[in-house]
Amino acid sequence: MFKRFSTNNMVTLFLVDVLLVQIALDLGMRLRFVLPFGQLIKADWIGVYGGYAPTGFFHLGIGALWAAALMLGSAYSSRKVVFWYDEFQRVFLAHTLAALALAGLLYLGRIELLRLTYLYFYLVCLASLLGYRALLRVYYRMRRRNSHELTRVLVVGAGKVGGGLVETLQSQHATTLDLVGFLDDDATKVGGTIHELPVLGKVDNATRIVEKYEIDEVIIALPLHAHARLANLVAELHQLPIRLHVVPDYFDLAFHGATIESLGGIPLIGLRDPAIDGFHRFGKRLMDIVLSMLVLLIFSPIMLLIALAIKLEDRGPIFYRPLRVGENGKLFEMLKFRSMVPNAEKLQTKLNQVDDRGKILHKHARDPRVTHIGRWIRRTSLDELPQLINVLRGEMSLVGPRPEQPWLVDKYEPWQRKRFAVPQGITGWWQINGRSDNPMHLHTEQDIYYIQHYSWWLDIQILWRTIAVVLRGRGAY
């Protein structure tokens, strides 16, 4: 779709990457003998220390390993690296996996490579791969005035679908695109501007406008009721040397991003596929398991003391096992240290309040059902620790929208159910932006923000900021 990501350019990028890996390997070895870190070693002593001596076979193997990792990581898939953060993330993950694979191969093959050489190679290679791509993006941004370097795009449909598409592209700073304007049959829009782009004419004028403005790509973003015209429009534009794309009007139906797959040659649009899938899903789950086991091990003595204190206070059960709504609406029992009197749920309806918007507020700072021990473990969030067991079971994640009570979900508006497109979490975006201070009808928007902007880095940021929020005890009751 984009000239910068044409097949020729991506092949050139691949060849440059292979060359950069070899240069980084050579620099990594040279830096070991130049920088004043580690034990003093000179290049002519390398045989004495059993270090790596360069061989053509080793360099060839390194090149093949990095090439395979970058290709498998879709670093050369033009559709997946349009925006810089997608490209940088894919390159970083592919490079790191290749480096880990190299470490394993060195160990299994009993090949000696000085540890600082390995570290220097990793850092220099990463900086080279990302730096080269950053320079390319700066170069193409500087050449935006050259229309031959840009893909000129015409959007058919200036309504909700087309306007949303253009707004997204503008916010993502798609430097390889030249958004020329819209076509729309609404006479009140023709001649005006939408999102700073002109409405150039009606849909019937598509052929003339494509030729006049030298359009490269036409994106049809018509609403559902106008798709009857789609076949005629496609047939009309088919004679022109342009590429055609259709943005289906599924936005009100999809729970998150839609996916496209083929079933027996028939294209299908998935409206409720997992929002986090593939390698991201694997990485998130791996982080959940490792960190949950580590935290359980560290806090096990404190958990035993809390369990004993709860039991001694009123002889009631140690754990509270409420039914909660998880990913895709699946019900599960969430574990918490009991912080209320044993019959707390029966008193819930007497405590519920309604705000000025008609929404139910079910949490209160001075809830009379909370026990003495319960008030303390709530303030410190220690009542949440047993949920690490839910994480290990796969029922929850460390980070995600908070699991909600079924009776509250029954009162959800349709758009709010999009928060169940990912695993529900112990902490999340809304917890670090207000926790219980934000009622249900407000924090749903923050949960959807998390889903739309998900990344491993965002999870790490949320976990780090959660520590500060817990230490301050803000919004916990």
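Whatever comes next refers back to the structure up there.
This is a predicted model, so every value here is computed, not measured.

Brief notes about the overall build of the protein
Here is step 1 of the chain: Counting its secondary structure elements, the protein contains 14 helices and 16 strands.
Here is step 2 of the chain: With 477 residues in all, the protein has 44% of them scored as buried.
Here is step 3 of the chain: The contacts in the protein between residues at least 6 apart in sequence include a share of 71% that link residues at least 24 apart.
Here is step 4 of the chain: Summing over all exposed atoms, the protein offers an accessible surface of approximately 26,200 Å²; the carbon and sulfur share of this is 62%.

Some words on the packing of aromatic side chains
Here is step 1 of the chain: Applying the stated criterion to the full structure yields five aromatic pairs.
Here is step 2 of the chain: A centroid spacing of 6.0 Å and a plane angle of 20 degrees characterise the contact between Y412 and F420, whose relative ring orientation is stacked.
Here is step 3 of the chain: With relative accessibility at 7%, the residue Y412 sits in the buried group.
Here is step 4 of the chain: For F420, a relative accessible area of 4% translates into the label buried.
Here is step 5 of the chain: The aromatic ring of F420 is capped on one face by R419, whose charged end is 5.3 Å from the ring centroid.

Thoughts on the environment of L179
Here is step 1 of the chain: Tracing the backbone shows L179 in strand β2 (residues 177-183).
Here is step 2 of the chain: Separated by 24 residues in sequence, L179 and V155 have C-alpha atoms that sit 8.0 Å apart.
Here is step 3 of the chain: Excluding anything up to four places from it in sequence, L179 contacts V153, V166, L169, Q170 and L197.

Considerations on the packing of helix α3 (residues 84-108) against helix α4 (residues 115-142)
Here is step 1 of the chain: Interaxial distance between α3 and α4 falls to 11 Å at its minimum, and their mutual angle equals 160 degrees. One finds that α3 runs roughly antiparallel with respect to α4. Our pair here, α3 against α4, has a crossing hand that is right-handed. On α4, the residues touching W84, E87, F88, V91, F92, H95, T96, A99, L100, L102, A103 and L106 of α3 are Y118, F121, Y122, C125, L126, L129, L130, R133, A134 and R137.

Observations regarding the pairing of β2
Here is step 1 of the chain: Summarising burial for β2: seven of the seven residues are buried, a large majority.
Here is step 2 of the chain: Two strands pair when backbone bridges link them, and strand β1 (residues 151-156) and β2 are joined in this way by six bridges, in the parallel orientation. Residue pairing across strands places V153 opposite L179, the latter belonging to β2.
Here is step 3 of the chain: With two bridges joining them, β2 and strand β4 (residues 197-201) adopt parallel strand pairing. Paired with F182 across the bridge in β4 is V199.

Details of the sheet that holds β1
Here is step 1 of the chain: With mixed pairing, six strands are arranged side by side in an open sheet as β3-β4-β2-β1-β5-β6. Two strands in the sheet have a free side with no partner beyond their single neighbour: β3 (193-194) and β6 (243-246).
Here is step 2 of the chain: Seen against the sheet, helix α5 (residues 160-171) touches β1, β2, β4 and β5 (217-220) and runs at an angle of roughly 165 degrees to β2.

Rules behind the numbers
Residues numbered from 1 in each chain as written. Predicted model: local features only at pLDDT ≥ 70, side-chain atom pairs only at ≥ 80, totals over all residues. Heavy atoms only, no water. Helix = DSSP H or I, 4+ residues; strand = E, 2+ residues; numbered from the N terminus. Buried < 20%, exposed > 50% of the residue type's maximum accessible area, 1.4 Å probe, protein only. Contact = heavy atoms within 4.5 Å. Areas by Shrake-Rupley, 256 points an atom, 1.4 Å probe, with all protein chains shown as cover. Phe/Tyr/Trp six-rings, centres within 6.5 Å; stacked < 30°, edge-to-face > 60°. Lys NZ or Arg CZ within 6 Å of the ring centre and 35° of its normal. Axes fitted to C-alpha atoms, helices over the stretch in contact; angles between N-to-C directions. Parallel < 35°, antiparallel > 145°, perpendicular 65-115°, else oblique. Left-handed = near helix turned anticlockwise from the far one by under 90°. Pairing = 2+ DSSP bridges.

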